[in-house]
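So you can see what is in the structure, the chains are spelled out below.
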Amino acid sequence: MTRVRYFAAAEEAAGRPEEDRPETTLGALREALAADYPGLGGILPRCAVLVDGERRDDDAALGDAETVDVLPPFAGG
């Protein structure tokens, strides 16, 4: 399982601050999140999605020890 953490509007859309997910690639995770949380699906394309603090392509494999952070765009400076 991969730990997914949601921040700000992403947390609100998912209705939780974090969860464990079984998807094995970043692309599969994105698709599953959009299907499971329609509100998140609307903002997910604009979110930064980081795997262990780094941007990765959708074909990147996800492992048990990894953390995925979903960060929507933030306003302010």
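That block above? That's the structure.
Residues numbered from 1 in each chain as written. Predicted model: local features only at pLDDT ≥ 70, side-chain atom pairs only at ≥ 80, totals over all residues. Heavy atoms only, no water.

A. Representation of the overall build of the protein. In terms of helices and strands, the protein carries three helices and five strands. Here the protein has a C-alpha radius of gyration of 11 Å; the compact-globule value for 77 residues is 11 Å, and the two agree. Relative to its 77 residues, the protein shows a buried fraction of 38%. Counted over contacts in the protein with a minimum sequence separation of 6, partners at least 24 positions apart contribute 51%. (Helix = DSSP H or I, 4+ residues; strand = E, 2+ residues; numbered from the N terminus. Rg over C-alpha atoms; globule rule 2.2 N^0.38 Å. Buried < 20%, exposed > 50% of the residue type's maximum accessible area, 1.4 Å probe, protein only. Contact = heavy atoms within 4.5 Å.)

B. Spatial organisation of the pairing of strand 3 (residues 48-51). Judged by which residues are buried, strand 3 turns out to be covered on both faces: Ala 48 and Leu 50 on one side and Val 49 and Val 51 on the other are all buried. The pairing of strand 3 with strand 5 (residues 67-71) spans four bridges and is classified as antiparallel. Paired with Ala 48 across the bridge in strand 5 is Leu 71. Inspection of the sheet shows strand 3 paired to strand 4 (residues 54-55) by two bridges, in the antiparallel sense. Along strand 4, the bridge assignment pairs Val 51 with Glu 54. Count of turn residues in the strand 3/strand 4 antiparallel hairpin: two residues, of which Asp 52 carries a positive phi of about 50°. (Pairing = 2+ DSSP bridges.)

C. Geometry of the environment of Tyr 6. Note that Tyr 6 resides in strand 1 (residues 2-6). Expressed as a C-alpha distance, the spacing of Tyr 6 and Glu 18, which sit 12 residues apart in the sequence, is 5.7 Å.

D. View of the packing of aromatic side chains. If you walk through the whole model with that rule in mind, you get one aromatic pair. Aromatic pair Tyr 6 and Tyr 37: ring centres 6.3 Å apart, planes at 80°, arrangement edge-to-face. Highlighted residues: Tyr 6 in strand 1 and Tyr 37 in the loop between helix 2 (26-36) and helix 3 (38-43), separated in sequence by 31 residues. A relative accessible area of 2% means that Tyr 6 is categorised as buried. (Phe/Tyr/Trp six-rings, centres within 6.5 Å; stacked < 30°, edge-to-face > 60°.)

E. View of the pairing of strand 2 (residues 18-21). Of the two faces of strand 2, only one is covered, namely that formed by Glu 19 and Arg 21; the face formed by Glu 18 and Asp 20 stays uncovered. Of the strand pairs in this sheet, strand 1 and strand 2 are connected by four bridges, and their pairing is antiparallel. Of the residues in strand 2, the one forming a bridge with Thr 2 is Arg 21.

F. Inspection of helix 2 at higher detail. For helix 2, the set of buried residues is Leu 26, Gly 27, Leu 29, Ala 32 and Leu 33. Looking at the packing, one finds that the buried side of helix 2 touches strand 1, strand 2, helix 3, strand 3 and strand 5.

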